[in-house]
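The lines below spell out each chain.
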Amino acid sequence: GLDEGRLACIALADGKRVWKPGELIDRGEMFPFSFDGEQYFAYPGDTIASALAAGGVTIFSRSFKYHRPRGLLCAAGHCANCLVQVEEEPNVRACTRAVQPGMRVTHQNAWPTLQHDIMSLTQLAAPLLPVGFYYKTFIHPRFLWPAYESVLRHAAGLGKLDLAASAGPPHFKHYLHADVAVVGGGRSGMQAATAAASLGARVLLFDDQPTLGGRLRYQAARQPQARGDLLAQMARSPEISVYLDAAVIGWWEDNWLAAVQGDDLYKIRARAVVIATGAYEQPLPFAHNDLPGVMLGSAAQRLIHLYGVRPGSQALIVTSTDEGWAVAADLLAAGVTVAAVADSRAGSNSPLVDTIAAASAQRLWSHTIVRAEGDKRVRRGHLAPLTAAGQIDESATKQIDCDLILICGRWAPANGLLYQAGAGIAYDPSLDQYRVHTLPDGLFAAGRVTGGNSASAGHLAGLQAAAFAGFAAQAQIAAAQAEAAPSQPLPGLSAPAAPDPKQQILCFCEDVSTKDLQTAVAEGYDSIELLKRYTTLSMGPCQGKMCSANALHLCAQATGRSVAATGTTTARAPIPPTSLAALAGQPMEPAQRSPIDAWHRAHGARMMNAGLWLRPEHYGDPTAEALAVRQSVGLIDVSTLGKLQLSGPGVPALLDRLYVNSLPALAVGRGRYGLMCNDEGVILDDGVTARLDEQLWYTTTTSSGAGAIFEWMQWWAQSGWGQGVHIADVTESFAAFNLAGPQARAVLAKLTAADISNAAFPYMHVREIEIAQVACRVLRIGFTGELSYEIHCPAGWGLHVWAALLEAGSAFGIRPFGVEAQRVLRLEKGHIIIGQDTDALSDPMAAGMGWAVKLDKPDFLGKRSLARVAADGPKQRLVGFTLAEPGAPPEEGLQIVQINGSDRPQIIGWITSSRFSPTLNQAIGLCWLPAELAAQPGAAFTIWREGRPLSARVHHGPFYDPAGARLRA
């Protein structure tokens, strides 16, 4: 059913494919996807990179600094060469991300196209941009820094974030516990897991690849049974849990590991940990070593064996070990012509040498590569012989035509987790490799990560880890030690110094060359940590996996020190780059709900966060809600208020020290507004305190302050101020509602037999009465500026009382109102909200609440500071304002400025609260101003709004009912 055009596309996409047993792709079907708007085809199991490589794509990205073309390098997710944008997600590693039907993939860091990037012209200026250029250039002249900054910010970055994009799938966190955790799913890791599980240990195994096996996956021809046998053992071990595509990003104290798997973050605690993370194959510094077509030998093997993709048509292999000859054999078997194998050694006993020679490939002993040649793809390689002293002889170079150059056999242990855990790792000059020599308790290492390799090292490490976790294993450990295969060192890391250091890319992420490193050392940055920061070596997306080993050796050469004396940089988490979304996890905002939360939602409330609480912001029309309170009656849920109950003979003395105003003389049945400051005189919280009987007090706090104020009171009570005082947090024990408006008394009278007349129940009093047959505490207070009753009832009866109030008020047109209407109502009265109109420096005098401060009290928290403020006067004051001309209220947070001629406006204050008052039909608000200006009623000032001035005037006192007659009615 496929049309001819699609069949032709599939044939083209499959033209570089070769069938391999054990490959990850499913050839039963094919599907399309796009890269930069062009259609390509892939098999299930393909990565983006393998499918594009099969489709003939050679350039995957452009480098960060000079926009040089970049092709596949490691094909394992360790470098930055194949970073692409997938849909809305930037910086996706194409070589590890599975391709999906219809996926839209685009390039990054190139304009207008990947093939023709205008920014690549910056390469022409490279001689003028030496290492440290930014530090030396952009500090002078200082007045040009804003221009420099703008250019740098536009040039920086690789991918693009779409701020309007959807949030994407949720990111979840999981918590895992095990006896033994194994990091790495290669041969040593699987051996360790099965060995530990054989003793009964619960084992977690993590590997960052889609299948287990490590190097065995793409070297199966040489070890055909090894991977299958290990997988069979794993399958027979129910104690082992395997997590694939899961990268362990860090080790923390007491064997606490973190791993990222797709959108999930795992937090792992294990009694013992085995690190078997293997090694990273390393590039080789030579001229133009970053051309597309230059890649690591293991990358070519991955493409061939895992995805059935020929990485090129004619290959030059550069090696220093027998691994290069094995790679050559794999290429020949895949139908790739091997033009030559250049081996830096004088010879080899590998039987593969004759096999390669039989295929007409040149054998070049004691040779290495000095230069790659080509434009946007390798065309040839230049080889040179090595002298007896191991130096390059440039007088006898040889050219090899090729479109693929493979660097084989130089491996650096992937020991970042070991460094984090405090393992002793030292450079061994006799082996030219970093070796592990000590490990902390509970941590074990096996395989190539140790700097060596043994066919049975993983088995022994697994037994030792299980023994540390408490499982009897001494006999098994002794037997394993007796039968252990000898450890073979990893191939060395050093290489002869090739000519043209300017053309040798050392850090593929940051375009740092060997010449840059040499220049930085000559300028005095010879400490490896300083060198890293000055040159930005290893600070890109690969985090040094492709450049650190070469950098350490080259730094040692440049300074004349040994590699051991040069040291290493610090290994920090995360080991692989990790998205902030994965670290943040799913939205886990703890939310407290009032006892009638379900009622609010069922009646169309728009919910909002208020501290830890969810509250109704409004029920559809906040203006109508505010007018209902002013004209008739409204009901708001204030169950979120903090509620503290204090009992005992020492309560008056404690409260007198905690609050700035006076509370001890409060009579039973009375309530009083209370303001609390810390010992520096900064406002902490406010609320109402009521005395229920001689030794029982009830105080409210702000919704966000309940927990903190409860702890604050407990602290001071236990410090010696609370003799005979017991404090209980009853916030969640009581529901609370505020019934407010001119008809509030009439509504309440229908539900209680108590006398609630103004004479019997006046303003700022408290009564314990029955409402709708429920015992309630009722406070006569007025935050909204109207006659109101704050009704506190047992939380379990909250919905019953709420419904009864609404039914009783239906004849009066009662409306529930939310936080938005409450904010308008309180603003009309000039009441402040702690935390919105105040900040961490606000004192009562400056906030216009000096009337509450009783400096004649013997002592209270903040008295000394407030006495100084009272004597000197505040520098800023919180006052009300109105606009000079009718208009929309200014946004909260806008700056208040003073304009002096042609000078830039000078900031002198800011807006804290601003709303349009439907009662007053004008915009009103609160703001902070210099004290001299704030002291003048009607004084004009300027708000800076969207680049233009907005005129406003100072207002003192409440905007509405300044005498307070309505709330006392």
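Residues numbered from 1 in each chain as written. Predicted model: local features only at pLDDT ≥ 70, side-chain atom pairs only at ≥ 80, totals over all residues. Heavy atoms only, no water.

1. Overview of the overall build of the chain
Across its full length, the chain holds 26 helices and 50 strands. Once the C-alpha set of the chain is aligned to its principal axes, its extents read approximately 115 × 75 × 70 Å. Taking contacts inside the chain between residues at least 6 apart in sequence as the whole, the part at least 24 apart equals 64%. With an accessible surface of roughly 41,100 Å², the chain has 54% of that area assigned to carbon and sulfur atoms. Distance between charge centres in the chain, computed from 80 positive and 86 negative side chains, equals 2 Å. (Helix = DSSP H or I, 4+ residues; strand = E, 2+ residues; numbered from the N terminus. Contact = heavy atoms within 4.5 Å. Areas by Shrake-Rupley, 256 points an atom, 1.4 Å probe, with all protein chains shown as cover. Lys, Arg positive; Asp, Glu negative; His and termini not counted. Charge placed at Lys NZ, Arg CZ, Asp CG, Glu CD.)

2. Structural notes on the pattern of salt bridges
This model, assessed by the stated rule, comprises 31 salt bridges. Residues Asp354 and Arg363 are paired through a salt bridge, measuring 3.7 Å at the closest nitrogen-oxygen approach. Judged by its relative accessible area of 53%, Asp354 is exposed. The partner of Glu786 in a salt bridge is Arg630, with the nearest N and O atoms 3.0 Å apart. Residue Glu786 is located in the loop between β42 (774–779) and β43 (788–794), and its partner Arg630 is located in helix α19 (residues 622–631); the two are separated by 156 residues in the primary sequence. In this structure, Glu786 and Arg630 share a single accessibility class: buried. Three or more residues joined by partner-sharing salt bridges are found here, namely Arg68, Arg70, Asp290 and Asp511. (Salt bridge = Lys/Arg side-chain N within 4 Å of Asp/Glu carboxyl O. Buried < 20%, exposed > 50% of the residue type's maximum accessible area, 1.4 Å probe, protein only.)

3. Describing the sheet that holds strand β50 (residues 948–955)
Sheet architecture is closed into a barrel: 6 strands sit in the order β45-β48-β47-β46-β49-β50, paired in antiparallel fashion. Strand after strand, the sheet turns through a mean of 45° between neighbouring axes, direction not considered. Across 3 bridges, strand β46 (residues 895–898) lies against strand β49 (residues 940–945) in antiparallel orientation. Of the residues in β49, the one forming a bridge with Gln895 is Trp944. Each of β47 (906–917) and β48 (922–930) is contacted by helix α24 (residues 819–828), which is oriented at about 115° to β47, the strand it contacts most. (Pairing = 2+ DSSP bridges. Axes fitted to C-alpha atoms, helices over the stretch in contact; angles between N-to-C directions.)

4. Re helix α15 (residues 548–559)
Taking 1.5 Å as the rise per residue, α15 with 12 residues should run 16 Å; its terminal C-alpha atoms sit 16 Å apart, in good agreement. Where burial is concerned, most of α15 is hidden: 9 out of the 12 residues are buried. Among the residues making up α15, those that are buried are Ser548, Ala549, Asn550, Ala551, Leu552, His553, Leu554, Cys555 and Ala556. In the segment just after α15, Gly560 is the residue with positive phi, at about 80°. (Expected span 1.5 Å × (residues − 1).)

5. Side note on the packing of aromatic side chains
Here the structure, examined in full by the defined rule, presents 19 aromatic pairs. With a centroid separation of 6.3 Å and 70° between ring planes, the pair formed by Trp599 and Tyr619 is classed as edge-to-face. Of this pair, Trp599 sits in helix α18 (residues 597–602) while Tyr619 is found in the loop between β33 (613–618) and α19, placing the two residues 20 residues apart along the sequence. The class for Tyr619 is buried, based on a relative accessible area of 15%. Ring-pair connections join several aromatic residues into one group, and the members of that group are Trp599, Tyr619, Phe737 and Trp802. Sitting above the plane of the Trp411 ring, Arg448 keeps its charged end 4.4 Å from the centroid. Stacked on the ring of Tyr698, the Lys or Arg Arg777 has its end atom at 4.7 Å from the ring centre. (Phe/Tyr/Trp six-rings, centres within 6.5 Å; stacked < 30°, edge-to-face > 60°. Lys NZ or Arg CZ within 6 Å of the ring centre and 35° of its normal.)

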